[in-house]
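Each chain, letter by letter, is given below.
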Amino acid sequence: INPDQLVNWWGPKGFTITINKIDVRVGGKWSFIMHGPNGVDYPNEIVYEEIARPEQLVYLHGGSSDEGAQFQSTITFAEQDDGRTKVTMRGLFNTATGREQAVKVYRAVEGGNQTLERLGEHLATRRVKSGYASVNGLKLYYEIRGTGYPLVLLHGGVGATEMFAPIMPMLSENHQVVGVDLQAH
């Protein structure tokens, strides 16, 4: 999990987060503060119980001493036939009262749905767009990733855009990265 990416999508719409600590491993903790649009800060702590990449993530979620802020979350990822991934989030509470408090007071179902929507929006900006462009009668392959200030990657004519594959994801976190395959010279 990339903390620099989490701040772009974690939490309901209008919320931001500050990450105090993140250690994604079984027994590791993620401590963060959710900043509500109303100016209220919500301290959170997650302790990872199970990490089965890429299928499942299980963690204990705690926050304040409120019963509704304490639950076990199981998130599953299932690849679909069309290449998309189905994400399912389930919360298990110690009591029915705790669940009711999470649903009614914290609006957890709506917040969870909004978090997943924000994740989808964020991932849409990170998708690779590729194709061929016709330039002066030549057909050139290109790839575009990310958003932001454009950064064009060119090779010396003896390589291919794929040589940039190891660095394109990192660069596309803050830039719109364009890779172009040039004709050999």
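**Student:** Explanation requested: the overall build of the chain in the structure shown.
**Tutor:** When its secondary structure is counted, the chain shows four helices and ten strands. The globule rule puts the C-alpha radius of gyration for 185 residues at 16 Å, and the 21 Å found for the chain is more than 25% above it. Seen along its three principal axes, the alpha-carbon backbone of the chain occupies a region of about 70 × 35 × 25 Å. In the chain, which comprises 185 residues, the share counted as buried stands at 29%. Considering only contacts in the chain between residues 6 or more positions apart, those separated by 24 or more positions represent 36%. Taking the 17 positively charged and 20 negatively charged side chains of the chain as two groups, their mean positions are separated by 3 Å.

**Student:** Explain the sheet that holds strand β2 (residues 29-35) here, please?
**Tutor:** Read across the open sheet, the six strands follow the order β1-β2-β3-β4-β5-β6; overall the sheet is antiparallel. Because the sheet does not close on itself, it has two edges, and the strands there are β1 (16-22) and β6 (85-92). Neighbouring strand axes in the sheet, compared pairwise and without regard to direction, differ in orientation by 25° on average.

**Student:** Any chance you could explain the nonpolar core here in plain terms?
**Tutor:** One broad rule of soluble globular proteins: the nonpolar side chains tend to lie buried together. By size, the foremost hydrophobic cluster in this structure holds 14 residues, and its most contacted members are W10, I17, W30, F32, I46 and Y59. If you list the elements that add at least two residues to this core, you get β2, β3 (41-52) and β4 (56-62). If you tally residues by element for this core, the top one is β2, at three residues. Not counting residues up to four positions away in its chain, the partners in contact with F32 are W10, I17, T18, I19, N20, Y42, P43, N44, I46 and H61.

**Student:** Sorry if this is basic, but what is going on with unusual backbone geometry here?
**Tutor:** Of note, the bond from R53 into P54 is cis; its omega dihedral lies within 30 degrees of zero at -5°. Position of P54 among the secondary structure elements: in the loop between β3 and β4. The residue N136 is not glycine, and still its phi comes out positive at about 50°. Topologically, N136 is positioned in the loop between β7 (129-135) and β8 (138-145). Overall, N136 belongs to the exposed group, its relative accessible area being 79%.

**Student:** For this particular structure, what's the right way to read the sheet that holds strand β9 (residues 149-154)?
**Tutor:** Pairing between sheet strands relies on hydrogen bonds along the backbone, with the strands arranged either parallel or antiparallel. Spatial strand order, β7-β8-β10-β9: four strands in an open sheet with mixed pairing. Either end of the sheet is taken by a strand with one partner, and the two such strands are β7 and β9. For this sheet the average axis-to-axis angle between neighbouring strands, irrespective of direction, equals 25°. Where β9 meets strand β10 (residues 175-180), six bridges bridge the pair, whose relative direction is parallel.

**Student:** How do you make sense of the packing of aromatic side chains when you look at a structure like this?
**Tutor:** Think of a pair of aromatic rings as described by two things: how far the centres are apart, and how the planes are tilted against each other in angle. Scanning the entire structure with this criterion turns up eight aromatic pairs. Taken together, a centroid distance of 6.2 Å and an interplanar angle of 70° make the contact between Y48 and Y59 edge-to-face. Of this pair, Y48 sits in strand β3 while Y59 sits in strand β4; the two residues are eleven residues apart in sequence, bridging distant segments of the chain. The same class applies to Y48 as to Y59, namely buried. Site record: aromatic cluster; members linked through ring pairs are W9, W10, W30 and F32. Here the guanidinium or amino end of K139 rests over the ring plane of Y132, the centre of that ring lying 4.8 Å away.

**Student:** In this structure, what is going on with the pairing of β3? I would like to understand it.
**Tutor:** The side chains of a regular strand alternate between the sheet's two faces. Of the strand pairs in this sheet, β2 and β3 are connected by seven bridges, and their pairing is antiparallel. Pairing of S31 across the sheet is with E45, part of β3. Taking the residues that link successive antiparallel strands as the turn, the β2-β3 hairpin has five residues, and the phi of G39 there is positive, at about 90°. Where β3 and β4 come together, seven bridges link them in antiparallel fashion. When the bridges of β4 are listed, I46 appears paired with H61.

Criteria and cut-off values
Residues numbered from 1 in each chain as written. Predicted model: local features only at pLDDT ≥ 70, side-chain atom pairs only at ≥ 80, totals over all residues. Heavy atoms only, no water. Helix = DSSP H or I, 4+ residues; strand = E, 2+ residues; numbered from the N terminus. Rg over C-alpha atoms; globule rule 2.2 N^0.38 Å. Buried < 20%, exposed > 50% of the residue type's maximum accessible area, 1.4 Å probe, protein only. Contact = heavy atoms within 4.5 Å. Lys, Arg positive; Asp, Glu negative; His and termini not counted. Charge placed at Lys NZ, Arg CZ, Asp CG, Glu CD. Pairing = 2+ DSSP bridges. Axes fitted to C-alpha atoms, helices over the stretch in contact; angles between N-to-C directions. Core = buried A, V, L, I, M, F, W, Y, C linked by side-chain atoms within 4.5 Å. Phe/Tyr/Trp six-rings, centres within 6.5 Å; stacked < 30°, edge-to-face > 60°. Lys NZ or Arg CZ within 6 Å of the ring centre and 35° of its normal.

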